[in-house]
Amino acid sequence: MEVMRVLHMNKGNGETSYAKNSTVQSNIISLGRRVMDEALKKLMMRNSEISSIGIADLGCSSGPNSLLSISNIIDTIHNLCADLERPVPELRVSLNDLPSNDFNYIFASLPEFYDRINNNKESLGFCRGGGESCFVSAVAGSFYGRLFPRRSLHFVHSSSSLHWLSQVPCREAEKEDRAITADLDNMGKIYISKTSPKSAHKAYALQFQTDFLVFLRSRSEELVPGGRMVLSFLGRSSLDPTTEESCYQWELLAQALMSMAKEGIIEEEKIDAFNAPYYAASSEELKMVIEKEGSFSIDRLEISPVDWEGGSISEESYDLVVRSKPEALASGRRVANTIRAVIEPMLEPTFGENVMDELFERYAKIVGEYFYKSTVDVPPGSDGFPVIGETLQFMLSVNSGKGFYEFVRSRRIRYGSCFRTSLFGETHVFLSTTDSARAVLNNESGMFTKRYIKSIGELLGDRSLLCASQHHHKILRSRLINLFSKRSTALMVRQFDELVVDALSGWEHRGTVVLLTDLLQITFKAMCKMLISLEDEEELGSMQKDVGFVCEAMLAFPLNLPWTRFHKGIMARGRVMEMLEKIIRERRNEINSQNNHHEDFLQQLLAVDNDTPKLTDAEITDNILTMIIAGQDTTASALTWMIKYLGENQKVLDILIEEQSQLTNKASNKPFLELEDLSEMPYASKMVKESLRMASVVPWFPRLVLQDCEMEGYKIKKGWNINIDARSIHLDPTVYNEPHKFNPLRFEEEAKANSFLAFGMGGRTCLGLGMAKAMMLVFLHRFITTYRWEVVDGDPSIEKWTLFSRLKSGYPIRVSRRL
Ligand code: HEM
């Protein structure tokens, strides 16, 4: 197959044209926008004197998307120049694709494009016909080779193109034979599949590596030093190139072709010989080639799932919920249309133009059936590999900048609001509807329970509220719940305010403050003061370190050998227990000698009813450790997210400052805030709730299924794990209007039932929710009335290996006093 000739999208404006079926590609462009903006900003900051910028969009194709990328680039440069108060440089824009591309379509839409620029940017000196500031031209040729003069480009962009290879891969022996269809012994298949020979896998991988290397080498000649590239293309998240994720469209298309071959409509030998010039690379492969080529370094590498139906693939996406057969078939048709617009020109020379309608009719049905099959009986999803299931994919997610929730999010988009996966040898079902949250968390049926995980039990203690058996949990909870009284909350508010005022003093002289780090310290101190009145800096320091080891061990593999993280956690638990036991002994002595003025949780727990202690010492120590862990990290993470959202929403901040300044004036005669003051913060309370909704610090709540049941129309089996995906519910557009918009006022109206799950629901609802909200309000008040702040590093990556969702950067800021 001569790729140069056949690799172009369906031309024109007809029903099967790319112009009419390119929403997926347009969504991919939108998804890359944030990264592109970031790259352009870095480029502009580095080149402050630049008067002319060379820009290339490689693989621009023809259709509504062709000018979308450059339009975005121009808008961003325009906005950056306005922000930096600099003149807009001359923009030399080159659109590139193979010579067979429908360039006429693009040229025909240029006048309209210039008009738009002129209308928007008259003030910037753009003028009619491209004029003095923006010069668009087209360059026909393969980007697997040089296209532009040396050092002429500053910015290279390419979207949905680099997965196309320069040629069909061929076996080692056929290396010289470049232009014909290659024989890869790939019988009955048209791309890599589970049954393809290893040599075919190898040939594909090799072809991609060769092409990508040439691509990088060519661009390194063309780009100026410090130039930037933003590339988005189809790839895969797993190491295995034959997983459904990267192959299913090709696999199903091969099925459609084979069904036609069986009926004698096309020849089977042609299918055997046809191999698509396409490759979905893994991030490891990309890194390897980039390192080998040596001219480029990676600033950001992100993986996102693609919705082949053309629904949005950004975080706002929740559309691919396939249910009934007609719905599944309609989905199949949409996917078939998208694929047809791209690959029909490639198939025609081999199989003939006259069979295309029939082929894609069959293909649409097969894709629809495929969607439908996965929605009946047990929930849709993948069991992954034998034994380990999808554990590797989960771990990859944990290790990526998007954090562990990405694993759930991508499957939620693909399979809908109820899906199953297999992790660490067990089946897990994730549910994300308000009805399922009610059923599982309120547990009126008694069919669900919190799972006891032995390793967590070893770290927190068997008597911890989080590990106790259902019966024991009830007793413990009924005793512990009394600790969280109004009186305790009032005391906590005063103490916490004192801590915050002390901690904030002098932040303006510290240069950069990593907010999360400081907040972890403040909340740790607050928890220790509230629980056991521990204030000694040295003891606090060693306790915080040990609690940190216990938390890390909760995520580690439970292997208790001297060098493991788990072992470190067990040892740290031992030291924490020793310290708590010592504190209990000292407290008892103080009580006996009536020399005791403490007002903390421990004091209440040591009180006796009719000579019977409320809890045993072991129950007290296990649950003090549990409460420190449950309260410190969650609150510090939630506070950091809150300040981040606030920094991004000036209007909300303005309203808050207004509200909080009034309180400052009113309470000016008091050194510290009191519980009643918090009721004077109606807007701030909504803002706290909105932050908790958006951040979903505890993203899902796991339970164990005690008997076979049905959820969301699917069979759920005894012994499976069921997880209520609170984050998805918080971001579901059918539950919250415009869920990605930060809008505290949404809570003026009553939220949909069972939709706010930041603190869980039912018999396991967070015990500290009142305390947590109070702490957030107190910090908010002090912080925003004391300081203005600017962000030092806006990296949105999520920290790896944490119990709760936290920003990897810790949100570094610089503060200045608000006058
Ligand atoms: C913003 C901060 C906080 C968030 C987002 C949060 C969230 C949660 C959630 C979602 C659960 C329920 C998990 C489930 O159902 O599986 C929970 C349980 C719990 N939380 Fe919190 N929490 C926060 C702060 C606190 C604080 C400050 C304390 C203690 C002082 C605390 C103590 C607990 C305890 C003891 C449980 C276990 C309840 C049980 O199993 O019966 N939390 N928390």
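Residues numbered from 1 in each chain as written. Predicted model: local features only at pLDDT ≥ 70, side-chain atom pairs only at ≥ 80, totals over all residues. Heavy atoms only, no water.

### Section: the sheet that holds strand 8 (residues 418-423)
Read from one edge to the other, the open sheet built from five strands follows the order 8-9-17-14-10, with strand pairing classed as mixed. If you trace the sheet from one side to the other, it starts and ends with strand 8 and strand 10 (448-449), each paired once. As paired strands, strand 9 (residues 426-431) and strand 17 (residues 721-725) are joined by four bridges and run parallel to one another. Across the sheet, residue Leu431 finds its bridge partner in strand 17, namely Ile724. (Pairing = 2+ DSSP bridges. Helix = DSSP H or I, 4+ residues; strand = E, 2+ residues; numbered from the N terminus.)

### A look at the coordination of the iron atom of the ligand
Among all protein atoms, only Cys766 (SG) binds the iron atom of the ligand, sitting 2.3 Å from it. Take Cys766: it is sitting in the loop between helix 25 (726-730) and helix 26 (769-786). (Donors = N, O, S within 2.8 Å, 3.2 Å for Na, K, Ca; no water.)

### Notes on helix 13 (residues 434-442)
For helix 13, the set of buried residues is Thr434, Ser436, Ala437, Val440 and Leu441. For helix 13, the angular spread of buried residues about the axis comes to 155°, placing them on one side. Positive phi shows up at Asn443, right after helix 13, with a value of about 50°. (Buried < 20%, exposed > 50% of the residue type's maximum accessible area, 1.4 Å probe, protein only. Arc of directions from axis to C-beta.)

### Quick word on the pattern of salt bridges
Under the defined criterion, the tally for this structure stands at 47 salt bridges. Note that Glu221 and Arg150 form a salt bridge whose closest N and O atoms lie 2.9 Å from each other. Of this pair, Glu221 sits in helix 5 (residues 198-222) while Arg150 sits in the loop between strand 3 (134-140) and strand 4 (153-159), and the two are 71 residues apart along the sequence. Overlapping salt bridges bring together Glu38, Lys42, Arg228, Asp299, Arg300 and Asp795 as one network. (Salt bridge = Lys/Arg side-chain N within 4 Å of Asp/Glu carboxyl O.)

### Concerning the site of the ligand
Around the ligand, the surrounding shell holds 27 residues, and the nearest of these are Lys450, His473, Arg477, Arg703 and Cys766. Interatomic distance of 3.5 Å between a backbone N/O atom of Ala630 and a nitrogen atom of the ligand. At a separation of 2.8 Å, an oxygen atom of the ligand approaches a polar side-chain atom of Arg703. Looking at the shell around the ligand, the elements with two or more residues in it are helix 15 (470-480), helix 17 (515-532), helix 21 (617-647), strand 14 (700-705) and helix 26. For the shell around the ligand, the leading source of residues is helix 21, giving five residues. A class-by-class count of the residues in the shell around the ligand yields 16 nonpolar, seven polar and four charged. (Near = heavy atom within 4 Å. Polar contact = N/O pair within 3.5 Å; in protein donor to acceptor, adjacent residues only side chain to side chain. Nonpolar A, V, L, I, M, F, W, Y, C, P; charged D, E, K, R; others polar.)

### Focus: the pairing of strand 9
Judged from the six bridges that link them, strand 8 and strand 9 form a sheet pairing that is antiparallel. Residue pairing across strands places Cys418 opposite Leu431, the latter belonging to strand 9. Counting the residues that bridge the hairpin from strand 8 to strand 9 gives two residues, and of these Phe424 lies at a positive phi of roughly 50°.

### Some remarks on the UniProt feature "binding site: heme" (unreviewed entry) in the protein chain
The UniProt record marks Cys766 with the feature "binding site: heme" (unreviewed entry), using the residue numbering of this structure. Of the residues examined, Cys766 reaches a relative accessible area of 31% and is grouped as partly exposed. (UniProt positions renumbered as here; feature names shortened; annotations may be inferred.)

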